[in-house]
Amino acid sequence: MASPPSRLLPLHNLFEHEGCGERPVAHDGQRLISCGEFSAAVAHLAAALRQRPEMRWLLTGNDPLAFVVELLAALYARKQVVIPPNTQPGALAALGSVFDARMDTLPAAPAPDTTREKLAAIDPHASIIDLYTSGSTGEHKCVRRTLAQFETEVAVLESLWGDAIGPSAILATVPHHHIYGLLFRLFWPLSSGRVFDDVTCSHPGTLAARLALLGRSVLVSSPAQLARLPELLPLASLPSKPVVVFSSGAPLPANAARTLTEGFGQAPIEIFGSTETGGVAWRQQFARPGDATADDSWMPFPCNAISRSETGALILRSPFLASDAPWEMDDAIGLMPGGSFRLLGRLDRVVKIEEKRLSLPDMESRLCAHEWIDSAAVTVLAGSRNSLGAAVVLNALGEERLSTDGRHIMTQTLRRHLAAHFDAVLLPRRWRFPDELPVNERGKVAHASLAALFAKPDDPPGLFPKICKVSFADGNASQVVLDLHVQPGIAHFSGHFPGAAILPGIVQMDWAIHFARRYLGLAGYFSAVEKLKFLGVVRPDTRLQLSLSWDSERRRLDFAYAAPQRKYSSGRIVFGGQT
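Sequence order as written defines the numbering, with residues in each chain counted from 1. Reporting of local features is limited, given that this is a predicted model, to residues whose pLDDT is at least 70; pairs of side-chain atoms are given and counted only at 80 or more, and all residues count toward the totals for whole chains, interfaces and linings. Derived side-chain values reflect all non-hydrogen atoms in the structure, with water molecules and hydrogen atoms excluded from consideration.

## What to know about the sheet that holds strand β18 (residues 341–346)
Next, step 1: A pair of strands is considered paired only if DSSP assigns at least 2 bridges between the two. The way it works is that DSSP assigns letters per residue, a run of H or I at least four long becomes a helix, a run of E at least two long becomes a strand, and they are numbered from the N terminus. With antiparallel pairing, the four strands of this open sheet are ordered in space as β15-β16-β17-β18. Edge positions in the open sheet fall to β15 (305–308) and β18, since each of these has one partner strand only. For this sheet the average axis-to-axis angle between neighbouring strands, irrespective of direction, equals 50 degrees.
Next, step 2: With three bridges joining them, strand β16 (residues 313–317) and strand β17 (residues 327–335) adopt antiparallel strand pairing. Looking across to β17, one finds that I315 is bridged to E328. Only the contacting stretch of a helix is used when fitting its axis, a line to C-alpha atoms as for every element, and angles between N-to-C directions run 0 to 180 degrees.

Now the structure itself:
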């Protein structure tokens, strides 16, 4: 892998520098892409965009390399970039009024001419990128950023970690169309001359293969993905370990940070920030492998000034912001000696139960302090202002106690644990014990999925699989993915067949309908089934994913059962009128 340049290349005149021609920019999964090829593609598309009258262009590409070509081409053509929170049809429809055209509707053009003249510099302060987030209320929120702001943040990242990273390739498990992925897996490597990987490492096996292929690498990931990694991929077996691991989206649990520190030989670098603010602070919970105590404090980026409001909120001054005015965040903090701070939870997650104020993050933190618990999330139950539900992920000791003592004793024990800190009226009334907390693609708890865990009573024992995880796409309530464990004791295996138990196909269809009614609001009666395929047999003790997509206008439910390396069944079920 080529060495990065001794200084950063500004994104607004990325292609004017000598050495752009043969220097590798990205690996597309098959080969290295040179800067000459990359710049030709940007120039070619920019020329086409200049011929179009539309100003605001929506980017929807799932391919990071093509995505950044489109983004830079739009800016070099003096267009405005619009980046949605996700590419689900519902999310794009909701943003219909904020863009003039979609990049994926451009007609196919001939291959670019690699002998094209270099692109001239553009004004970084006039280059507009609108990022849309789902927002805390679920409404899409626009955050306007300029290329100059991104360049400033890239310079800070390079000053902090450039020497440690050196000539590393950048691998990622996170998407590129949120600010974290946009900065760490695209803008920073482009500006620093490092190669970024066009392959998103969605599965542990993909990560191991890319580490082996690209050698010295940096991993850009999320807390949810990192916390699961040691179980799915023994870190000792990796052919090459990342020289630096970044994590962002939420605080990494201390026990996960400890395991990763031991496995990688260093603690992940956690980044705290938001789309609105950019990076705010960072931390490494363990100074070295073997440390017994985690340091949960955060150190502000050297360019940022942190203070605390009268209500306890974090007040930020940062060059990443659009103005010099202080920005008050929704995060409560406690200031520490030496300029660091501790996060004390979200101020916007303070609720009232029976006229008593409660910080949900505080209760979650207390639950996580119990010796049986890995992680926890607490929510106000739907349709109720007076009771809470707690979703708790148990560790191995907790799972053993749940199996031995039962659910009732488990919940009573945890209630007594919380009773030492909270009034009785504040204690959760309903409990769920999923294998994982439901999170979105950025590693943050997906509150729609969390609420769905408490939507209805547990399924009757012995008739349905165990739900290990529920995932909704951001901003889209018509699609859901369920991680299921088809346990050996399920009644449908009985007699089908003696000596070789197989889950009947009709049961798989029934489960799809059952879970669609629960999570997607499916209504109506069965009318027909289309495109039904059974590609593999489901045996006892199988773990699989059930993907459901409900089209309420056409009254069609698409379902598919699959595992990472295997497809089991799929089909479409058509429904009649309302029931």
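Still more ground to cover, so stick around.
## A closer look at the environment of V481
Next, step 1: By secondary structure assignment, the location of V481 is in strand β25 (residues 479–486).
Next, step 2: With 32 residues separating them in the primary sequence, V481 and S449 have C-alpha atoms 9.9 Å apart.
Next, step 3: Only heavy atoms matter for contacts: two residues are in contact if any of them lie within 4.5 Å across the pair. With residues up to four places along the chain from it excluded, the contact list for V481 reads K469, V470, S471, Q545, L546 and S547.

## Considerations on the packing of aromatic side chains
Next, step 1: In this analysis, rings of Phe, Tyr and Trp, with Trp reduced to its six-membered ring, are considered paired at centre separations within 6.5 Å, and the interplanar angle assigns stacked below 30 degrees, edge-to-face beyond 60, and tilted for intermediate values. Scanning all chains against the criterion turns up 16 aromatic pairs.
Next, step 2: Look at F184 and W188: their rings are 5.5 Å apart centre to centre, the planes differ by 85 degrees, and that puts the pair in the edge-to-face class. In this pair, F184 and W188 are both assigned in helix α5 (residues 179–192), four residues apart and thus about one turn of the helix distant.
Next, step 3: By relative accessible area, which is 3% here, W188 ends up buried.
Next, step 4: Judged by centre distance (5.8 Å) and plane angle (85 degrees), the ring pair of W550 and F575 falls under edge-to-face. Placement of W550 in strand β27 (residues 542–551) and of F575 in strand β29 (residues 566–575) is noted, with a sequence separation of 25 residues between them. Accessibility assignment for this pair places W550 and F575 in one class, buried.
Next, step 5: A connected cluster of aromatic rings, assembled from ring pairs, spans W161, Y180, F184, W188, F246, W282, F301 and F320.
Next, step 6: Residue placement shows R145 over the ring face of F150; its charged tip is 5.1 Å from the ring centre. A simple rule labels every residue: compare its accessible area, found with a 1.4 Å probe on the protein chains alone, to the largest value its type can have, and call it buried under 20%, exposed over 50%, or partly exposed in between. Two limits define a charge over a ring: the Lys NZ or Arg CZ must be within 6 Å of the ring centre, and within 35 degrees of the ring normal.

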